[in-house]
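Overview (structure and organization)
Given next are the chains, with one letter for each unit.
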Amino acid sequence: MDKTIETIPGDMPGLSYSLTVLHFTGTDPTAPKAYLQAALHGNELPGVAALHVLIPMLRDAEAEGRLKGSVTVVPFANPIGLNQFQWDDHQGRFFYGNRTNFNRAFALIDRPDPSLLAIPDTASCDRRLKATLQTLALDADLVLDLHCDNEGPNYLYMPAELWPHSADLAAALDCGAVLTFEGGTDASFDEAAFRPHLASGNFERRVVATVELKGIHDVGPETAQKDGEGIYRFLVGRGVITDAAATPVGPFTGKGVPQSYVEMVRAPVGGMAFFHVKPGDVVRAGQLVAELIPVPGDASAVVPVHAVAPGLVLTRVLARAIRIGDDLVKIVGDKRSVTAKDGGALES
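1. Some details on the overall build of the protein chain
In terms of regular secondary structure, the protein chain is built from six helices and 19 strands. A compact globule built from 348 residues should have a C-alpha radius of gyration of about 20 Å, and the protein chain, at 21 Å, falls within 12% of that. Considered along the principal axes of its C-alpha atoms, the protein chain spans approximately 70 × 50 × 40 Å. Across the 348 residues in the protein chain, those meeting the buried criterion constitute 50%. Restricting the contact set of the protein chain to residue pairs at least 6 apart, pairs at least 24 apart contribute 71%. Just so you have it, the protein chain exposes about 15400 Å², and 54% of that area is on carbon and sulfur atoms.

Right under this line is the structure:
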């Protein structure tokens, strides 16, 4: 294993950020290359926990000559967001300097040429970070960007061109659903990592996915072990690692649908939320999913929220103090949702 430190200059004198990058060298130049990063939203740690389990397994495979394809791992992909606090509250989703989501505004280039990612000396530190991450992932066949949701199971976002060829990743991580997108417009990392290779085709060899590893509080030894081993089994199945003892990846049994099949249930008023469903529940059209209470003690003021269409409750928001317009739950149906969004991410 080769450990390097990439320095990201800050936007004021005397300030810089250190990005730790781990390189594992494979023995077969024709084997798939993998790139794994976690915590692009600085305080989303389930992916970091999974890599904590995976890294020693990669180290052993390299030392024993079982690592065929080279692997690059960035355990904390966002040292800027990792260090952003508002009083005692960790704020890792948006860059304080310009209020841009750390998983938006990546460069969309049309070929895997690192010179296209060059940025001027006047660029802000968040742009420098994004260019560095894109460059690290540019020649990888398998790109996993590890995130998490509020409350929910493992699930994936990925370009439609890669589905169902990437079902082995969904199966290895026991995902509840896979949401595919076409022609994203928000320049998220997964879109930016896939776009340079779009013209070359050969999609069966390639996997690029945003991996949502359960909820933000699901950080612990049991979930880390399961997710780390799941990624390892996926890499074995893809020929990155040789391991005859690894359990083969079985079939994917969840839902694989366009993201336009997702109903985003949003709050019509602000107030306190009482939820009547949880992730994993199957609901019918018109079923009560939540109640919003703007005036405690006044039953006439309670606002019921219903599912517009039937489907699987994929995620639920963690907060119980809800603003008007906030996301409450995601429901995955079997046809296009009446609240569908086709291009770009479902959430900001």
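2. Description of the pairing of strand β4 (residues 71–74)
Here β4 shows two buried faces, one formed by V71 and V73 and the other by T72 and V74. Note that strand β2 (residues 16–24) and β4 share three bridges and pair antiparallel. Looking at β4, one finds that H23 is bridged to T72. Here four bridges tie strand β3 (residues 34–38) to β4, and the two strands are oriented parallel to one another. Note that in β4 the partner of Q37 across the bridge is V74. Between β3 and its parallel partner β4, the chain crosses via helix α1 (residues 46–63), and the hand of that crossover is right-handed.

3. Quick notes on the environment of K278
Counting through the fold element by element, K278 comes out in the loop between β13 (271–275) and β14 (282–283). K278 sits in the partly exposed class, given a relative accessible area of 46%. For the pair K278 and E204, spaced 74 residues apart in the sequence, the C-alpha separation amounts to 35 Å. Beyond its immediate sequence surroundings of up to four residues, K278 is in contact with V313 and R316.

4. Quick look at the sheet that holds strand β12 (residues 262–266)
Strand order in the open sheet formed by four strands is β12-β19-β17-β14, and the pairing between neighbours is antiparallel. The open sheet is flanked by β12 and β14, the only strands paired with a single partner. Across two bridges, the pairing between β14 and strand β17 (residues 311–316) is antiparallel. Pairing of V282 across the sheet is with L312, part of β17.

5. Some details on the sheet that holds β13
Spatially, four strands are ordered β16-β15-β13-β18 in an open sheet, and the strand pairing comes out antiparallel. At either end of the open sheet lies a strand with only one pairing partner, and these are β16 (303–306) and β18 (321–322). Taken together, the four bridges between β13 and strand β15 (residues 288–293) define a ladder with antiparallel strand orientation. The partner of A273 across the bridge, within β15, is L292.

What counts, and at which threshold
Residues numbered from 1 in each chain as written. Predicted model: local features only at pLDDT ≥ 70, side-chain atom pairs only at ≥ 80, totals over all residues. Heavy atoms only, no water. Helix = DSSP H or I, 4+ residues; strand = E, 2+ residues; numbered from the N terminus. Rg over C-alpha atoms; globule rule 2.2 N^0.38 Å. Buried < 20%, exposed > 50% of the residue type's maximum accessible area, 1.4 Å probe, protein only. Contact = heavy atoms within 4.5 Å. Areas by Shrake-Rupley, 256 points an atom, 1.4 Å probe, with all protein chains shown as cover. Pairing = 2+ DSSP bridges. Right-handed = clockwise from strand over helix to strand, strands pointing away.

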